[in-house]
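Now for the letters of each chain:
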Amino acid sequence: MKIQTRLLVGLAAVLAVVGWWYYSHTTVKDRTVDLIAALPTAEKRSNPAPVASNFQVADVTIDGVTKKAILAKAFSRITYTVRVPPDAWLDLDFAMRPDSWQLPGDGAQFRVGISEGRTYDEVLRQFVNPREGGQKWFSAHLDLSAYEGREVRIILNTDPGPQGGGDLRNDFAVWAEPHVYSRR
């Protein structure tokens, strides 16, 4: 009888730890900001115009993994205004769309910045060339806890090729499933 009691107490302790871990690592739904859903209210800039054709939402499949993504051709910027929840993170994936992989061009540069008006902190800069290992999804998990409780602008920039490059040909860059969430 004592062995069964010990097993039950041990099992209860394990379940309590697993429950605590799951609860502490689960996204709180009302503190999640889906940036694709917020795209219509985001500020969008691009060069060359027209802006509308440079920002399209579609499913993109790479290596059998399909994600909802925003096409943001080079020399584009998407700016979201977000109140940062506690313990906040920005998760997103990015890639060059597969239909650009065999076409002329030199890839694109993906940059993410956080602005509070007078300041701009670049938190991600990644050059992706599909002819140099860039035929895949890239992921970013960015800590926003330094901005907790404040209203900030999250800025997704897409630039042509390597820094300083100006080749805009076939820069079919996509930002996939960007969202801000809290683990509290």
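Here the structure is a predicted model, which means the values were calculated and not measured. Within each chain, residues carry numbers counting from 1 in the order of the written sequence. The predicted nature of this model means local features are confined to residues of pLDDT at least 70 and side-chain atom pairs, given and counted, to a pLDDT of 80 or more, with totals for whole chains, interfaces and linings taken over all residues. Water and hydrogen atoms were dropped before computing side-chain values, which therefore reflect all heavy atoms in the structure.

Peer 1: A description of the packing of aromatic side chains should follow, citing residues and the corresponding values.
Peer 2: When the centres of two rings from Phe, Tyr and Trp lie within 6.5 Å, Trp using its six-membered ring, the rings pair. Their planes under 30 degrees apart give stacked, over 60 give edge-to-face, and anything left gives tilted. For the structure shown, the criterion picks out four aromatic pairs. With a centroid separation of 5.7 Å and an interplanar angle of 15°, the aromatic rings of Phe94 and Phe138 are classed as stacked. Of the two residues, Phe94 is situated in strand S6 (residues 88–96) and Phe138 in strand S9 (residues 138–143); the sequence distance between them amounts to 44 residues. Here the aromatic rings of Phe94 and Trp175 are separated by 5.9 Å at their centres, their planes lie at 50°, and the arrangement is tilted. Residue Phe94 is found in strand S6, and its partner Trp175 is found in strand S11 (residues 173–182); the two are separated by 81 residues along the sequence. In this structure Phe94 comes out as buried when scored by relative accessible area, which is 2%. Put simply, the rings of Phe94, Phe110, Phe138 and Trp175 pair up and form one aromatic cluster. Look at NZ for Lys and CZ for Arg. If either is within 6 Å of the ring centre and within 35 degrees of the ring normal, a charge sits over the ring. Over the ring of Trp137 we find Lys67; its NZ or CZ atom is 5.4 Å from the centre of that ring. Numbering of helices and strands runs from the N terminus; a helix is a DSSP stretch of H or I covering at least four residues, while a strand is a stretch of E covering at least two. Each residue gets one of three labels from its accessible area relative to the maximum for its type: buried under 20%, exposed over 50%, partly exposed in between, using a 1.4 Å probe on protein chains only.

Peer 1: I'd like a description of the pairing of strand S7 (residues 108–115), backed by residues and values.
Peer 2: Across the eight residues of S7, eight count as buried, placing the element largely inside the fold. Side chains Ala108, Phe110, Val112 and Ile114 of S7 all project onto a buried face; the interleaved residues Gln109, Arg111, Gly113 and Ser115 project onto the opposite face, where all are buried too. In short, DSSP must find at least two bridges between two strands for them to pair. As defined by bridge partners, S7 adjoins strand S8 (residues 120–128) across eight bridges and the pair is classed as antiparallel. The partner of Ile114 across the bridge, within S8, is Asp121. In this antiparallel pair of consecutive strands, S7 and S8, the connection spans four residues, and Gly117 shows a positive phi of 105°. With eight bridges connecting them, S7 and strand S10 (residues 151–160) associate as antiparallel partners. Paired with Ala108 across the two strands is Pro160, which belongs to S10.

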